[in-house]
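Chain residues, written in single-letter form:
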Amino acid sequence: MLRRVLGGRRGGALPLRPPARAAADQTPPDLARERSKAVTSFYHQPAIDIAAEKPSVRLTPTTMLYSGRSQDGSHILKSARYLQQELPVRIAHRIKGFRSLPFIIGCNPTILHVHELYIRAFQKLSEFPPIQARGDEARYCALLRQLLEDHKDVVTLLAEGLRECRRHIQDERLLRPFLDKTLTSRLGMRMLAAHHLALHEDKPDFVGIICTRLSPKKLIEKWVDFARRLCEHQYGNAPRVRINGHVAARFPFIPLPLDYVLPELLKNAMRATMESHLDTPYNVPDIVVTIANNDIDLVIRISDRGGGIPHDLLDKVTEYHFSTAEASAQDPRLGGPFRNLLDLSNSGQGGPMHGFGFGLPTSRAYAEYLGGSLCLQSLQGVGTDVYLRLRHIDGKGESFRI
């Protein structure tokens with residue numbers, strides 16, 4: 001598939017070169033054949049096919065928590081060796097997913113760029129020598145940091161690429177399995193890599209990325225402040241947020257995925273509230289966040305008075321590539337689309353989501369990956385209640401795996 005496309009790709013920058021031959025000896029058909037071989041060998045490496053057939057070994061957060069410390073520091077080398085075996089397998093699975101995309105989508109330059117990022121990551125990780133000593137592990141950490149940086153915009157790139165292909169996609173729901181798997185697999189790999197890097201830090205109440213005494217109230221307050229600053233910058237005001245329920249709850253949990261989902265849900269609630277009260281922007285109803293903690297899971301309800309979601313749109317807002325932001329961007333009373341306001345939102349987790357139609361569906365996919373769910377209840381004409389349910393990592397029920 002990709003051999004036909006890349007022959008005419010702008011720039012043609014591939015990491016492989018044809019075997020050395022004198023230019024004068026190569027006719028145009030020869031050059032085309034050599035380039036075709038180079039492209040094929042880059043996109044269809046036997047090592048990727050072999051790795052893609054191996055099963056992924058997913059860990060429970062409890063395993064990560066209790067294996068994250070040792071008297072002699074041996075846990076760091078064990079963690080690095082696990083990642084060295086596991087990450088190439090997971091990346092190979094995702095490369096296989098890109099190969100299975102419809103031809104017209106896989107050919108898109110932006111999607112192709114993400115595909116290439118995964119292939120290069122596989123090469124770098126597979127070529128890394130066996131980790132035997134602390135020096136090897138330190139170099140492996142440097143590679144992990146580089147790859148985390150290289151892949152930080154993958155979610156935005158996927159959104160842009162699929163938006164560019166939109167006219168060729170008759171049913172966007174057909175892409176949901178690919179996107180769910182790609183985004184949650186990316187989250188899992190980033191969590192594992194970040195956990196290993198964080199094992200080197202001595203941070204109170206943390207083992208790697210796992211907070212041993214997470215306060216959901218404090219985490220919510222952090223993202224409320226962030227979302228209110230963004231909202232005030234755009235609208236001149238922001239709804240107050242009241243937090244009630246089990247506000248004193250503390251338990252072991254991983255804040256990283258919540259650092260994506262919470263600001264996404266809060267800014268949606270604030271935007272809906274402000275845009276449904278444009279004539280009275282300094283007199284808007286509060287948003288209420290309720291925390292419910294039990295021995296199986298954590299439930300966070302976010303209730304707004306933003307007018308609710310129209311009946312004909314309710315089933316679509318958690319599907320990819322649908323965004324109510326596009327309609328609000330047309331309102332002349334707004335100083336510009338809310339998208340401009342949120343360009344900084346979640347930059348560490350994957351870039352701006354608003355306007356691409358990826359915010360709520362990605363939050364839903366993350367919640368399901370973590371053994372939970374994301375549900376919306378709309379009171380049309382009044383407001384919306386969003387229920388985020390996440391399974392405890394040490395609760396009575398079976399924990400999720402990363």
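Summarise the sheet that holds strand β8 (residues 383-391); cite the residues concerned and give the values.
Taking strand neighbours across the sheet as the criterion, the five strands line up as β3-β5-β6-β8-β7 in an open arrangement whose pairing is mixed. Sheet topology places β3 (241-245) and β7 (373-379) at the edges, where each strand pairs with a single neighbour. Neighbour to neighbour, the strand axes of the sheet diverge by 15° on average, direction disregarded. Here β3 pairs with strand β5 (residues 287-293) via five bridges, running parallel. Each bridged residue has a counterpart across the sheet, and for Ile243 the counterpart in β5 is Val289. Packed on one face of the sheet, helix α15 (residues 359-369) meets β7 and β8 and runs near 135° to β7.

How would you summarise the pairing of strand β2 (residues 210-214) if you had to cite specific residues and measurements?
Sheet topology places strand β1 (residues 206-207) next to β2; two bridges connect them, and they run antiparallel. Each bridged residue has a counterpart across the sheet, and for Val207 the counterpart in β2 is Ile210. Counting the residues between successive antiparallel strands, the hairpin from β1 to β2 contains two residues, one of them, Gly208, with a positive phi of roughly 65°. Both β2 and strand β4 (residues 251-253) contribute to a ladder of two bridges, which runs antiparallel. When the bridges of β4 are listed, Cys211 appears paired with Phe253.

How would you explain the nonpolar core if you had to name every residue and give the values?
With 113 residues, the main nonpolar core has Tyr140 and Leu388 as its most contacted residues. Setting aside chain neighbours within four positions, we find Tyr140 in contact with Ala80, Leu83, Gln84, Leu87, Leu125, Phe128 and Ile131.

Describe the pattern of salt bridges, and please don't skip the residues or the numbers.
For the structure on display, the rule yields 20 salt bridges. Across the pair Asp150 and Lys124 runs a salt bridge whose closest N-O atoms are separated by 3.9 Å. Here the residue Asp150 occupies a position in helix α8 (residues 134-150), and Lys124 occupies one in helix α7 (residues 109-127), the gap between them amounting to 26 residues. Classification of Asp150 by relative accessible area gives partly exposed; the value is 35%. With a closest N to O distance of 2.6 Å, Lys217 and Glu221 form a salt bridge. Of this pair, Lys217 and Glu221 are both found in helix α11 (residues 216-235), four residues apart, which corresponds to roughly one turn of the helix. Judged by its relative accessible area of 29%, Glu221 falls in the partly exposed class.

Conventions we followed
Residues numbered from 1 in each chain as written. Predicted model: local features only at pLDDT ≥ 70, side-chain atom pairs only at ≥ 80, totals over all residues. Heavy atoms only, no water. Pairing = 2+ DSSP bridges. Helix = DSSP H or I, 4+ residues; strand = E, 2+ residues; numbered from the N terminus. Axes fitted to C-alpha atoms, helices over the stretch in contact; angles between N-to-C directions. Contact = heavy atoms within 4.5 Å. Core = buried A, V, L, I, M, F, W, Y, C linked by side-chain atoms within 4.5 Å. Buried < 20%, exposed > 50% of the residue type's maximum accessible area, 1.4 Å probe, protein only. Salt bridge = Lys/Arg side-chain N within 4 Å of Asp/Glu carboxyl O.

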